[in-house]
Amino acid sequence: QNIQSGKVTWKSPSNIALIKYWGKKENQIPANPSISFTLDACATTTTLSFEKLNNSVTGFSFDFYFEGKEKESFKPKIISFFTRIQSYLPFLKDYHFTIETSNSFPHSSGIASSASGMSALALCLMSIEKELNPNMEEKYFTKKASFLARLGSGSACRSIEGDIVEWGFHKEISGSSDLYGIKYPFEVHPVFKNFHDTILLVDKGEKQVSSTAGHNLMHNHPFARERFKQANDNMSFLKNIFKEGNLKKFTEIVESEALTLHAMMMTSVPYFVLMKPNTLQIINKIWEFRKKSNLNVCFTLDAGANVHVLYPEEEKFDVFEFIKNELVAYCQNGHYICDRIGYGAKKF
Ligand code: PMV
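Analysis parameters
- Residues numbered from 1 in each chain as written.
- Predicted model: local features only at pLDDT ≥ 70, side-chain atom pairs only at ≥ 80, totals over all residues.
- Helix = DSSP H or I, 4+ residues; strand = E, 2+ residues; numbered from the N terminus.
- Rg over C-alpha atoms; globule rule 2.2 N^0.38 Å.
- Buried ≥ 20, exposed ≤ 12 C-beta atoms within 10 Å, placed from the backbone.
- Near = placed C-beta within 6 Å.
- Nonpolar A, V, L, I, M, F, W, Y, C, P; charged D, E, K, R; others polar.
- pLDDT = per-residue confidence, 0-100.
- Pairing = 2+ DSSP bridges.
- Axes fitted to C-alpha atoms, helices over the stretch in contact; angles between N-to-C directions.
- Contact = placed C-beta atoms within 7 Å.
- Expected span 1.5 Å × (residues − 1).
- Arc of directions from axis to C-beta.
- Domains from an automatic or database assignment.
- Core = buried A, V, L, I, M, F, W, Y, C linked by C-beta atoms within 7 Å.
- Parallel < 35°, antiparallel > 145°, perpendicular 65-115°, else oblique.
- Left-handed = near helix turned anticlockwise from the far one by under 90°.

> Please explain the overall build of the protein chain as it appears in this structure.
Scanning the protein chain for helices and strands turns up eight helices and 14 strands. What you see for the protein chain is a C-alpha radius of gyration of 20 Å, in line with the 20 Å of a compact globule of 348 residues. Seen through its principal axes, the protein chain has C-alpha atoms that stretch 70 × 45 × 40 Å. When the 348 residues of the protein chain are sorted by exposure, 45% land in the buried category.

Following this line, the structure appears as structure tokens:
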């Protein structure tokens, strides 16, 4: 196929890990398997326009716009992404690209856009690959999009599909791979359908530690081996929990994973505390409320101070009342985002 020019748009969601990916080997291979809920509201929309170049170029030819403004500062990330994936997408040097991207969530909300951003770009590039190879199978498209997204940002490989995605080889998860995320292959108890995630924006500042630096802290970490084993064990536990619909045990695994992630950062060299006082206030309030109400609300954290509050559809009214009355006061400027489990990226 000889295609001169075109344009493609994908909207790709963020995701929240239940079992955390923290630590990696060469080529974005995870040190342990992870699993996440795909989100719905938090997403990146990317339009990729492409035009065939007359002469081949030595570097990559592209412009990058973030929320309508040209952004030079994002370019090095794109260049390193293109460099990593060029052997899998040989057309990259034949075109000039215009990348226009925007997020559904406010910039500097402390919400990482790397998962949604890198997966949206990977999907746009795969759409060009498909135009060039029209016989490509849907299954191959999804797998390769996840594979490419992983090379942009590890957790991005869990943002292509929904509603639960697993990434990293695990002996009990059929089809699991270190190279790409897969839709969780087993039947899940209905209580996990339409799960809610209210994201409390405790600190909207820039991340203290980039995730690349964070993953590197797991090299020579005194507790690395134990942690990687624990993640594998937790995956087995979670597999049963998903089957049985045991929300009490779900809470235990999810909160332990969040605190372990932070414990790894607190015990690395150098060490970091990424929680803020209000993060702990919120955690304590959730524990108090859970004891009092016996409802199934729990929290998770990513590598920052914001708190993701997770709860099932059938408890949403009571839990949301509690969030509004007791937790929002701890958010920076009272800001929070109501999200829920989502079903993956969409093409426009
Ligand atoms: O995808 P990265 O390299 O930004 O790493 C993400 C790591 C965590 O968000 C902390 C955990 C996870 O599994 O998403």
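> Any chance you could explain the site of the ligand here in plain terms?
In the region of the ligand, 14 residues are neighbours, and A17, Y21, G154, S155 and S211 sit closest. Across the shell around the ligand, the residue classes tally to six nonpolar, six polar and two charged.

> Explain the confidence of the model for the protein chain to me, please; I cannot follow it from the model alone.
In regions of low pLDDT, the predicted coordinates are not meant to be interpreted in detail. On average, residues of the protein chain carry a pLDDT of 96, and 99% of them reach 70 or more. We note a pTM of 0.97 for the whole complex and an ipTM of 0.99 for its interfaces.

> I'm lost on the sheet that holds strand β12 (residues 307-311) in this one. Help?
The strands making up a sheet associate through hydrogen bonds between their backbones, and the pairing can be parallel or antiparallel. Strands sit in the order β11-β12-β10-β13 across an open sheet of four strands; the sheet is antiparallel. Each having just a single partner strand, β11 (298-301) and β13 (336-340) make up the two edges of the open sheet. Recorded for the sheet is a direction-independent mean angle of 25° between the axes of neighbouring strands. As paired strands, strand β10 (residues 196-200) and β13 are joined by five bridges and run antiparallel to one another. From the neighbouring strand, T198 faces β13, where its bridge partner is C338. The strands that helix α6 (residues 247-266) touches are β11 and β12; relative to β11, the one it contacts most, it runs at about 30°.

> Can you help me understand α6 in this one?
Along an α-helix, residues three or four positions apart point the same way, because every turn accommodates 3.6 residues. Taking 1.5 Å of rise per residue, the 20 residues of α6 would be expected to cover 28 Å, and the 28 Å separating its terminal C-alpha atoms lies within 8% of that figure. Within α6 the residues assigned to the buried category are L247, F250, V254, E257, A258, L261, H262, M264 and M265. All buried residues of α6 project into a common sector of 160° when viewed along the axis, lining one side. Of the surrounding elements, those touching the buried residues of α6 are β1 (5-19), α4 (211-216), α5 (224-244), β11 and β12.

> So what exactly am I meant to see when it comes to unusual backbone geometry here?
Trans is the prevailing form of peptide bonds, just as negative phi is the prevailing case for residues other than glycine. Geometrically, the link from G162 to D163 is a cis peptide bond, its omega value of -15° lying close to zero. With respect to the helices and strands, D163 occurs in the loop between α3 (138-152) and β8 (164-167). Between V269 and P270 the backbone carries a cis peptide bond, its omega angle lying at -5°. By the element assignment, P270 lies in the loop between α6 and α7 (277-293). If you check the backbone angles, N27 has positive phi at about 55° while not being a glycine. Its place among the elements puts N27 in the loop between β2 (24-25) and β3 (29-30).

> What exactly am I supposed to notice about the domain arrangement of the protein chain here?
One widely used convention gives an interface's size as the accessible area the parts lose upon coming together. Per the domain assignment, the segments of the protein chain are domain 1 (5-188) and domain 2 (191-340). Its C-alpha centre places domain 1 at a distance of 24 Å from the equivalent point of domain 2. Listed by partner, the interface residues are 27 residues for domain 1 and 36 residues for domain 2. Contributing elements (two or more residues each) for the side of domain 1 that touches domain 2: β1 and β4 (34-52). Looking at the side of domain 1 that touches domain 2 element by element, the count peaks at six residues for β4. Residues that form the side of domain 1 that touches domain 2 fall into these classes: 17 nonpolar, six polar and four charged.

> Mind showing me how you'd approach the environment of M266 here?
Assignment of secondary structure puts M266 in helix α6. Judged by the 13 C-beta atoms lying within 10 Å of it, M266 is partly exposed. Spatially, the C-alpha atoms of M266 and S146 are 31 Å apart, while their sequence positions differ by 120 residues. Once residues lying within four places of it in the same chain are set aside, the contact partners of M266 are Y271, F272 and V273.

> What's the story with the nonpolar core in this structure? I'm lost.
By size, the foremost hydrophobic cluster in this structure holds 91 residues, and its most contacted members are I35, A122, L123, L200 and V309. No other element matches the nine residues that helix α2 (residues 114-132) contributes to this core. Here this core gathers at least three residues from each of two domains, domain 1 (5-188) and domain 2 (191-340). Contacts of L200, omitting those with residues within four sequence positions, involve I282, N306, V307, V309, L327, Y330, C331 and Y336.

> When you look at α3 in this model, what are you seeing that I'm missing?
For α3, spanning 15 residues, the distance from its first C-alpha to its last is 21 Å, which sits close to the expected 21 Å at 1.5 Å a residue. When you tally the buried positions in α3, you get 11 out of 15 residues, the bulk of the element. Along its buried surface, α3 packs onto α1 (75-85), α2 and β9 (181-183).

> What exactly am I supposed to notice about the packing of α5 against α6 here?
Pairs of packed helices are described in terms of their axes, by the angle between the two and the distance that separates them. Where α5 contacts α6, the axes come no closer than 10 Å and their chain directions differ by 160°. Classified by the interaxial angle, the pair formed by α5 and α6 is roughly antiparallel. Seen along the crossing, α5 lies across α6 with a hand that is left-handed. Contacts between α5 and α6 involve R227, Q230, N234, F237, L238 and I241 on the former and, on the latter, K249, F250, I253, E257, T260 and M264.

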